[in-house]
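Here is how the chains run, residue by residue.
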Amino acid sequence: MVKTLIILSFLSTFILCCGTASDGNTIKEPTPTVTAPKRLQSKAEQIERFTHDFPVIIRTTIKFIPSFASGVAAICDRYYDKITISSEWWDNPNISELERRYLVWHELGHCEMDLNHNTTMNLHVKNSIMHPVMADLHEIQEMAQNPKLDDFSREFFHTLTEDDLK
Ligand SMILES: [Zn+2]
């Protein structure tokens, strides 16, 4: 059975600041400090990082397509052990690394652990990353504190660092 995640997308506003520095003739210009841009990780490298701590050996194939017409973020095909992820969702600058990791674990929960969706809530906080609607960042932070998490979700949160949850 095909399971899907529903995501919300947000509009973003970018403000660019620029300025010029004036320099007098008597002052030697300082040597500019160049900071190399952080190299962007390929999707394969990101997937490798997100699957590293997964509790079982992963046999599922993970691939990307440009987008789904339905707007979902990803689909797990349990029959073929194949996860397909929307690049449109993945590459959205509003999506955090934590949410990408969450998505990969959710889909692997279907494909590798044979888990179905878990819709239970505890005080309005999702108990499981197998909830069909992906938690937002605030909810993920709350879930990390939720003592009623199921085992699979607890495994997920054990892989996170303090920085992931900031
Ligand atoms: Zn799902």
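Residues numbered from 1 in each chain as written. Predicted model: local features only at pLDDT ≥ 70, side-chain atom pairs only at ≥ 80, totals over all residues.

## As for the overall build of the protein chain
Next, step 1: Counting secondary structure elements, the protein chain contains five helices and six strands.
Next, step 2: Walking the protein chain from its N terminus toward its C terminus, one meets helices and strands in the order β-α-β-β-β-α-α-β-β-α-α.
Next, step 3: Relative to its 166 residues, the protein chain shows a buried fraction of 22%. (Helix = DSSP H or I, 4+ residues; strand = E, 2+ residues; numbered from the N terminus. Buried ≥ 20, exposed ≤ 12 C-beta atoms within 10 Å, placed from the backbone.)

## Examining the packing of helix H1 (residues 43-51) against helix H3 (residues 97-111)
Next, step 1: Between H1 and H3, the shortest axis-to-axis distance is 10 Å and the interhelical angle comes to 70°. Between H1 and H3, the angle is such that the two are roughly perpendicular. Considering the relative orientation of H1 and H3, their crossing is right-handed. Contacts from Gln46, Ile47, Phe50 and Thr51 in H1 reach Arg100, Arg101 and Val104 in H3.
Next, step 2: Tallied by class, the residues present in the contact of H1 with H3 amount to three nonpolar, two polar and two charged. (Axes fitted to C-alpha atoms, helices over the stretch in contact; angles between N-to-C directions. Parallel < 35°, antiparallel > 145°, perpendicular 65-115°, else oblique. Left-handed = near helix turned anticlockwise from the far one by under 90°. Contact = placed C-beta atoms within 7 Å. Nonpolar A, V, L, I, M, F, W, Y, C, P; charged D, E, K, R; others polar.)

## What about the environment of Gly109?
Next, step 1: With respect to the element layout, Gly109 can be found in helix H3.
Next, step 2: Residue classification places Gly109 among the buried positions, given that 25 C-beta atoms sit within 10 Å.
Next, step 3: A sequence separation of 20 residues divides Gly109 from Ile129, and the C-alpha atoms of the two residues are 8.7 Å apart.

## Comments concerning the pairing of strand S3 (residues 74-77)
Next, step 1: The pairing of S3 with strand S4 (residues 82-86) spans four bridges and is antiparallel. The residue bridging Ala74 from the neighbouring strand is Ile85, located in S4.
Next, step 2: Turn length for the S3-S4 hairpin, with the two strands adjacent in sequence and antiparallel, is four residues, and the turn residue Asp81 shows positive phi of about 50°. (Pairing = 2+ DSSP bridges.)

## Overview of the pairing of S4
Next, step 1: Alignment of strand S2 (residues 61-65) against S4, held across five bridges, turns out to be parallel. Across the sheet, the residue bridging to Lys63 is Thr84, located in S4.

## Some points on unusual backbone geometry
Next, step 1: Of note, the phi angle at Asp81 is positive, near 50°, even though the residue is not glycine.
Next, step 2: Along the chain, Asp81 falls in the loop between S3 and S4.
Next, step 3: Even without a glycine there, the phi angle at Asp114 is positive, about 60°.

## Regarding the confidence of the model for the protein chain
Any residue range with low pLDDT should be treated as having predicted coordinates unsuitable for detailed reading.
Next, step 1: Taken residue by residue, the protein chain gives an average pLDDT of 81. The fraction at 70 or more is 77%.
Next, step 2: Mean pLDDT across the elements of the protein chain ranges from a minimum in strand S1 (residues 3-4), with 44, to a maximum in S4, with 97.
Next, step 3: Low pLDDT, under 50, characterises residues 1-25; the stretch is placed with 26 contacts to residues that sit more than four places away or in other chains. (pLDDT = per-residue confidence, 0-100.)

## Comments concerning the environment of Asp136
Next, step 1: On the secondary structure map, Asp136 appears in the loop between strand S6 (125-126) and helix H4 (137-144).
Next, step 2: By C-beta crowding, Asp136 is classed as partly exposed, having 14 other C-beta atoms within 10 Å.

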